Amino acid sequence: MRPTPLSALLLGVLALGLSACTVTVRPNTGLAGSSNNLISTFVPTKGEGATYVVGEAVQFRLTTRDAGYATLLALNPDGSANVLTRNAYVSAGTTVFPRPQDGVTYNVAPQRGLQKVRAIFLRVRPTTDLVLGGVYDDGRWNTVTTEYLTPYAYADRDVQETYLYIR
């Protein structure tokens, strides 16, 4: 059976429409301890990939399977990084950061673009501090995290990353 010009046109439009679809997967590639399943959820409260405007408050929902210590790091659109919270004790379950006892808010800064935020979770009390400085690309960002986690047993650590957009 020969295709008619109308069916060929419809098939072409369908193929063009489907070729415009993309699927983006954002794995935690290159992270030591990112597959231990101690962190079950780490997302902004508006959802992963949500858009925030400069000055808007942002919160993060962290769900862990065990009690332990959480450190949240932000990788800003310009490559600079900062610690949002360091070694905060969390019970098993869901914690929203910043917590009321932290006495702070996280307000989006004027650097517009992709903002990555990483949660580092340890079941044991950290014995070292994570020090950040300079500008980071993905490789250096992963290296700093891996070096920080090296002294801790693989079974006691987990890392997850989320992202949002600043407009």
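Our structure's up above, just so we're on the same page.
Residues numbered from 1 in each chain as written. Predicted model: local features only at pLDDT ≥ 70, side-chain atom pairs only at ≥ 80, totals over all residues. Heavy atoms only, no water.

Undergrad: For the overall build of the protein chain, give the residues involved together with the corresponding values.
TA: When you go through the protein chain residue by residue, the secondary structure sums to two helices and ten strands. Each helix and strand of the protein chain, placed in order from N terminus to C terminus, yields the pattern α-β-β-β-β-β-β-β-β-β-α-β. Each of the 167 residues in the protein chain was classed as buried or not, and the buried ones make up 40%. Across the protein chain, contacts joining residues at least 24 apart in sequence account for 76% of those joining residues at least 6 apart. For the protein chain, the accessible area works out to roughly 9,200 Å², and carbon and sulfur atoms hold 57% of it. (Helix = DSSP H or I, 4+ residues; strand = E, 2+ residues; numbered from the N terminus. Buried < 20%, exposed > 50% of the residue type's maximum accessible area, 1.4 Å probe, protein only. Contact = heavy atoms within 4.5 Å. Areas by Shrake-Rupley, 256 points an atom, 1.4 Å probe, with all protein chains shown as cover.)

Undergrad: Tell me what's going on with the side chain of Thr162, and back it up with residues and numbers.
TA: Position of Thr162 among the secondary structure elements: in strand 10 (residues 157–166). Residues contacting Thr162, with those up to four places away along its chain left out, are Phe42, Val43, Pro44, Glu48, Phe60, Gln115, Lys116 and Val117.

Undergrad: Just give me the short version of the sheet that holds strand 1 (residues 39–44), but keep the residues and values in it.
TA: The strand order 1-4-7 describes an open sheet built from three strands, whose pairing is antiparallel. Of all the strands in the sheet, just strand 1 and strand 7 (93–97) have a single pairing partner and so form its edges. On average, adjacent strands in this sheet sit at an angle of 15° to one another, irrespective of strand direction. Pairing analysis gives five bridges linking strand 1 to strand 4 (residues 60–64), with the strands arranged antiparallel. (Pairing = 2+ DSSP bridges. Axes fitted to C-alpha atoms, helices over the stretch in contact; angles between N-to-C directions.)

Undergrad: Please provide a residue-by-residue account of the environment of Tyr136, values included.
TA: Structurally, Tyr136 can be placed in the loop between strand 9 (113–122) and helix 2 (138–149). Overall, Tyr136 belongs to the buried group, its relative accessible area being 6%. Separated by 61 residues in the primary sequence, Tyr136 and Leu75 place their C-alpha atoms 7.7 Å from one another. Those residues within four positions of Tyr136 in sequence are excluded, and the remaining contacts are Leu75, Gly79, Ala81, Val131, Trp141 and Val144.

Undergrad: Break down unusual backbone geometry for me, with residues and values.
TA: For the bond from Phe97 to Pro98, the omega torsion is 0°, close enough to zero to count as cis. Looking at where Pro98 falls in the secondary structure, it is placed in the loop between strand 7 and strand 8 (106–107). Here Asn87, not a glycine, exhibits a phi torsion of approximately 50°, which is positive. Take Asn87: it is sitting in strand 6 (residues 81–90).

Undergrad: Report on the sheet that holds strand 10, specifying residues and quantitative values.
TA: Spatially, the five strands line up as an open sheet ordered 2-10-9-5-6, and their pairing is mixed. This sheet does not close on itself; its edge strands, each paired only once, are strand 2 (51–52) and strand 6. Strand direction decides the pairing type here: strand 5 (residues 68–75) and strand 9, joined by seven bridges, are antiparallel. Across the sheet, the residue bridging to Ala70 is Phe121, located in strand 9. Of the strands in this sheet, strand 5, strand 6, strand 9 and strand 10 are in contact with helix 2, which crosses strand 9 at around 15°.

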